[in-house]
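Overview (structure and organization)
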Amino acid sequence: MRNYEIMYILKADLDEAARKEKMASLAKILTDKGATVSATDESLGLRELAYPIKDETKGYYVVLKVSMDKAAIDEFNRLVRIDNNVLRHLITVAHE
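Residues numbered from 1 in each chain as written. Predicted model: local features only at pLDDT ≥ 70, side-chain atom pairs only at ≥ 80, totals over all residues. Heavy atoms only, no water.

1. Regarding the pattern of salt bridges
Proximity of charged atoms lets side chains of opposite charge pair with each other. In this structure the tally under the stated criterion is eight salt bridges. Here E16 ties to R19 by a salt bridge, and the two come within 2.4 Å at their closest N and O atoms. With E16 and R19 both in helix α1 (residues 16–32), this residue pair falls three residues apart, about one helical turn. For K20, the salt bridge is made with E16, and the minimal N-O distance between the two is 3.9 Å. Taken together, the positions of K20 and E16, both in helix α1 and four residues apart, correspond to about one turn of that helix. Judged by relative accessible area, E16 falls into the partly exposed class, the value being 45%. Each member of the salt-bridge network shares a partner with another, and the members are E16, R19, K20 and E42. (Salt bridge = Lys/Arg side-chain N within 4 Å of Asp/Glu carboxyl O. Helix = DSSP H or I, 4+ residues; strand = E, 2+ residues; numbered from the N terminus. Buried < 20%, exposed > 50% of the residue type's maximum accessible area, 1.4 Å probe, protein only.)

Take a look at the structure:
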């Protein structure tokens, strides 16, 4: 398994409980496929977007550090693309 960083942006209008639930469900997608989430970083938090995405001007940024294989990446990509609460996501290889 390789180490990756996943950054995703959630809709800003989600309340605290809904946001935590969505973050947990996204992490569960990864762990169900055998991935290990080593860190969750919410330090960027709520930010103004540089340009509107899906008619949203603000978003809540979350960064995950994950060890996973191709199956977990494919499943995460598939499910995040159809989730209306996720504005954007990006998966990069972590060079640590």
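2. Section: the side chain of K22
Inspection of the secondary structure puts K22 in helix α1. With a relative accessible area of 17%, K22 lands in the buried category. Those residues in contact with K22 that sit more than four places away from it in its chain are L10, D83 and N85. (Contact = heavy atoms within 4.5 Å.)

3. What to know about the environment of A35
Assignment of secondary structure puts A35 in the loop between α1 and β2 (36–53). Overall, A35 belongs to the buried group, its relative accessible area being 8%. Each C-alpha atom, one on A35 and one on K70, is 9.9 Å from the other, the two residues being 35 residues apart in sequence. Ignoring any residue separated from it by four or fewer positions in sequence, one finds A35 in contact with L30, V66, S67, M68 and A72.

Purely geometric stuff here, so don't read any function into it on its own.
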